[in-house]
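Structural description and commentary
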Amino acid sequence: MSPFPGFLPDEPIDSVAHLIQTALTPIFMLSGIGTLLNLFNTRLARVSDHIEKSNDALATTKAPTERRHLRQHIRHLHRRTLLLDASILLAAVGGAATCGAAFVLFLGSLRDSSVASWLVVMFGMALICTVAALAAFLCDSLAAWHGLRMTTSWARSTHPKD
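Residues numbered from 1 in each chain as written. Predicted model: local features only at pLDDT ≥ 70, side-chain atom pairs only at ≥ 80, totals over all residues. Heavy atoms only, no water.

1. Quick word on the overall build of the protein
- Helix and strand counts for the protein come out as three helices and zero strands.
- Each helix (α) and strand (β) of the protein, taken in turn from the N terminus, gives the series α-α-α.
- Every one of the 162 residues in the protein was classed for burial, and the buried ones make up 28%.
- Pairs at least 24 residues apart make up 75% of the contacts formed inside the protein by residues separated by at least 6 positions. (Helix = DSSP H or I, 4+ residues; strand = E, 2+ residues; numbered from the N terminus. Buried < 20%, exposed > 50% of the residue type's maximum accessible area, 1.4 Å probe, protein only. Contact = heavy atoms within 4.5 Å.)

If you want it as structure tokens, here you go:
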């Protein structure tokens with residue numbers, strides 16, 4: 001065994017290429033999860049701002065029908081925050097599992113031991129959590145589209161055309 005793998009002719013190029021591919025996979029996965037977390041947090045901040053504006057409008061509105069619609073809208077926004085919280089939590093667990101998979105790869109290369117089962121568990125957990133985070137985000141998107149449709153129809157019914 002060579003002290004410099006990949007630099008001496010006894011190391012096949014396929015094994016070096018495979019080692020590089022294996023090392024880069026968690027990095028790309030972690031980068032994607034970081035981008036998703038940024039997207040989820042930005043969306044959550046926008047929903048939170050909308051909740052504040054709706055609460056301010058509720059405090060100043062006296063009309064019972066408008067108050068009822070605002071309360072319903074605020075409940076809808078709170079449900080969206082729960083979906084976004086779930087997206088953020090699942091993506092964070094997916095990111096942590098990706099880091100765990102990279103760590104297991106590192107330990108496996110240092111100890112030259114069999115860590116395949118741990119690697120499959122950690123990377124599998126990362127993939128499952130990331131897919132679940134995207135599913136929760138899809139639910140939030142559907143809730144946002146439904147809320148937009150409801151708000152638009154409510155605005156049309158309360159403000160008829162002249």
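2. Comments concerning the confidence of the model for the protein
- Per-residue confidence for the protein gives a mean pLDDT of 80; residues scoring 70 or more make up 73%.
- At the level of individual helices and strands, the protein shows its lowest average pLDDT in helix H3 (residues 116-158), which scores 78, and its highest in helix H2 (residues 64-111), which scores 86. (pLDDT = per-residue confidence, 0-100.)

3. Some words on a nonpolar patch on the surface
- Together, Leu 24, Ile 27 and Phe 28 line one region of the surface with nonpolar side chains, adding up to about 320 Å² of accessible area.
- Here Phe 28 shows up in helix H1 (residues 13-60). (Patch = residues over 30% accessible without salt bridge, like charges linked within 9 Å, V, L, I, M, F, W, Y side chains within 5 Å. Areas by Shrake-Rupley, 256 points an atom, 1.4 Å probe, with all protein chains shown as cover. Salt bridge = Lys/Arg side-chain N within 4 Å of Asp/Glu carboxyl O.)

4. Digging into the packing of aromatic side chains
- By the definition in use, this model includes one aromatic pair.
- Consider the rings of Phe 40 and Phe 137, whose centres lie 4.9 Å apart with planes at 35°: the pair is tilted. Taken together, the residues span a long stretch of sequence, with Phe 40 in helix H1 and Phe 137 in helix H3 at a distance of 97 residues.
- Judged by its relative accessible area of 0%, Phe 40 is buried.
- Taking the relative accessible area as the measure of exposure, Phe 137 reaches 14% and is therefore buried. (Phe/Tyr/Trp six-rings, centres within 6.5 Å; stacked < 30°, edge-to-face > 60°.)

5. Describing the UniProt feature "transmembrane region" (unreviewed entry) in the protein
- Mapped onto the present numbering, the UniProt feature "transmembrane region" (unreviewed entry) falls on residues 20-40, 82-106 and 118-139.
- Taken end to end, residues 118-139 comprises 100% helix and 0% strand; its first and last C-alpha atoms sit 31 Å apart. (UniProt positions renumbered as here; feature names shortened; annotations may be inferred.)

6. Notes on the side chain of Ser 54
- Turning to its location among the elements, Ser 54 is positioned in helix H1.
- The residues contacting Ser 54, other than those within four sequence positions of it, are Leu 70, His 73, Ile 74 and Leu 77.

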